[in-house]
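Inside the fold
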Amino acid sequence: MPDILHRIGVKDATPDQVYAALTTLDGLSGWWAEKTTGSTDVGGVIAFRFSTGGFDMKVTGSDPGRRVAWEVVDGPEEWIGTTVTWELRHEAGDGDFTIVLFRHEGWREPVEFMSHCSTKWATFLMSLKQLVETGEGAPDPRDVHISDWH
């Protein structure tokens, strides 16, 4: 099965700061979708609503400062049953970074929509980076529009 994989570094941020942006409604609405509701606890469902539709993610795993995992339970057919995971680690060296390893796994086939979603995930990961580094992200509806699909 094909997967979407990305890696970013969030400068001068602790894994706990990035984790908070991934596990609180305020954090999630600050970088991904302004219209975010639900429960971010393990077993809870988070509803993300965009100008073009939405997704419901069941929280399947949470290890503070280290890992977050979701399963897509509602949204576009291609997404249902896929999983999204975030692995976090701290790296010191040339600068001080929290590394975010992102995976959107379980796609049945590499359709054109997957290519679109990969690019959109990249723009939203930059929004996450921007939120944690500067205090202001670019969530939907203020995100980068990459095509006629938004």
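All values derive from a computational prediction rather than experimental measurement. Numbering of residues begins from 1 in every chain and follows the order in which that chain's sequence is written. At least 70 in pLDDT is required for a residue's local features to be given in this predicted model, at least 80 for side-chain atom pairs to be given and counted, and no such filter applies to totals for whole chains, interfaces and linings, which use all residues. Only heavy atoms go into the side-chain values, all of them from the structure, while hydrogens and water stay out.

**A few points about the sheet that holds strand β7 (residues 95–105)**
The strands that make up a sheet pair up through hydrogen bonds in the backbone, lying either parallel or antiparallel. Put simply, the rule is: Any two strands between which DSSP finds at least two bridges are classified as paired. A run of H or I in DSSP becomes a helix once it reaches four residues, and a run of E becomes a strand once it reaches two; helices and strands are each numbered from the N terminus. Whenever a helix is involved, its axis is fitted only over the stretch in contact; in every case the axis is a line through C-alpha atoms, and angles between N-to-C directions fall within 0 to 180 degrees. Between two residues, a contact is recorded if the distance between any of their heavy atoms is within 4.5 Å.
If you trace the seven strands from one edge of the open sheet to the other, you get β1-β7-β6-β5-β4-β3-β2, paired in antiparallel fashion. Edge positions in the sheet fall to β1 (4–11) and β2 (35–38), since each of these pairs with one other strand and no more. Neighbouring strand axes in the sheet, compared pairwise and without regard to direction, differ in orientation by 25° on average. As paired elements, strand β5 (residues 67–74) and strand β6 (residues 83–93) share five bridges and run antiparallel to each other. Looking at β6, one finds that Arg 67 is bridged to Glu 87. Docked against the sheet, helix α3 (residues 112–134) engages β1, β3 (45–50), β6 and β7, running at close to 15° with respect to β1.

**Topic: the environment of Gly 137**
Tracing the chain through its elements places Gly 137 in the segment after α3. A sequence separation of 107 residues divides Gly 137 from Gly 30, and the C-alpha atoms of the two residues are 5.7 Å apart. The contact partners of Gly 137, leaving out residues within four places of it in the chain, are Gly 30, Ser 127, Gln 130, Leu 131 and Arg 142.

**Focus: the packing of helix α1 (residues 15–23) against α3**
Using the following cut-off: For classification purposes, angles smaller than 35 degrees are called roughly parallel, those larger than 145 roughly antiparallel, those between 65 and 115 roughly perpendicular, and all remaining angles oblique. If you view the pair so one helix is near and one far, a crossing is left-handed when the near helix is turned anticlockwise from the far one by less than a right angle, and right-handed when it is turned clockwise. Following the grouping adopted for this structure description, the nonpolar residues are Ala, Val, Leu, Ile, Met, Phe, Trp, Tyr, Cys and Pro, the charged ones are Asp, Glu, Lys and Arg, and the polar ones are all others, Gly among them.
Remark: α1 packs on α3, axes separated minimally by 10 Å, with the N-to-C direction vectors making an angle of 125°. Viewed along their axes, α1 and α3 adopt a mutual orientation that is oblique. With respect to the hand of their crossing, α1 and α3 are arranged in right-handed fashion. The residues of α3 that touch α1, namely those facing Gln 17, Val 18, Ala 21 and Leu 22, are Leu 128, Leu 131 and Val 132. Here the residues of the contact of α1 with α3 are counted per class, giving six nonpolar, one polar and no charged.

**A closer look at the nonpolar core**
Keep this limit in mind: Think of a nonpolar core as a cluster: buried Ala, Val, Leu, Ile, Met, Phe, Trp, Tyr and Cys residues, connected wherever their side-chain atoms sit within 4.5 Å. The cut-offs for exposure are 20% and 50% of the maximum accessible area for each residue type, with area from a 1.4 Å probe on protein chains only; residues under the lower value are buried, those over the upper are exposed, and the others partly exposed.
In terms of nonpolar packing, the biggest core is built from 35 residues, with Trp 31, Trp 32, Trp 70 and Trp 86 touching the most fellow members. When residues in this core are grouped by element, the largest group, seven residues, is from α3. Dropping the residues within four chain positions of it, Trp 31 is found in contact with Ala 21, Leu 22, Trp 86, Trp 121, Phe 124, Ser 127, Leu 128, Leu 131, Ala 138 and Pro 139.

**Considering the pairing of strand β4 (residues 53–63)**
Within a regular strand, the side chains alternate between the two sheet faces. Looking at chain direction, β3 and β4 are connected through six bridges and run antiparallel. Pairing of Val 45 across the sheet is with Lys 58, part of β4. Taking the residues between adjacent antiparallel strands as the criterion, β3 and β4 are bridged by two residues. Two strands pair when backbone bridges link them, and β4 and β5 are joined in this way by seven bridges, in the antiparallel orientation. Paired with Gly 61 across the two strands is Ala 69, which belongs to β5. Connecting β4 to the antiparallel partner β5 that follows it, the hairpin turn spans three residues, and Gly 65 within it adopts a positive phi of roughly 75°.

**Focus: the pattern of salt bridges**
Once their charged atoms are close, side chains differing in charge can pair, the charge on each being opposite to the other. Quick note on the threshold: By definition, a salt bridge exists where a carboxyl oxygen of Asp or Glu is found within 4 Å of a side-chain nitrogen of Lys or Arg.
Considering all chains together, one arrives at eight salt bridges under this definition. The partner of Lys 120 in a salt bridge is Asp 143, with the nearest N and O atoms 2.5 Å apart. With Lys 120 in helix α3 and Asp 143 in the segment after α3, this pair connects stretches of sequence that are 23 residues apart. As far as the burial class goes, Lys 120 and Asp 143 line up, both buried.

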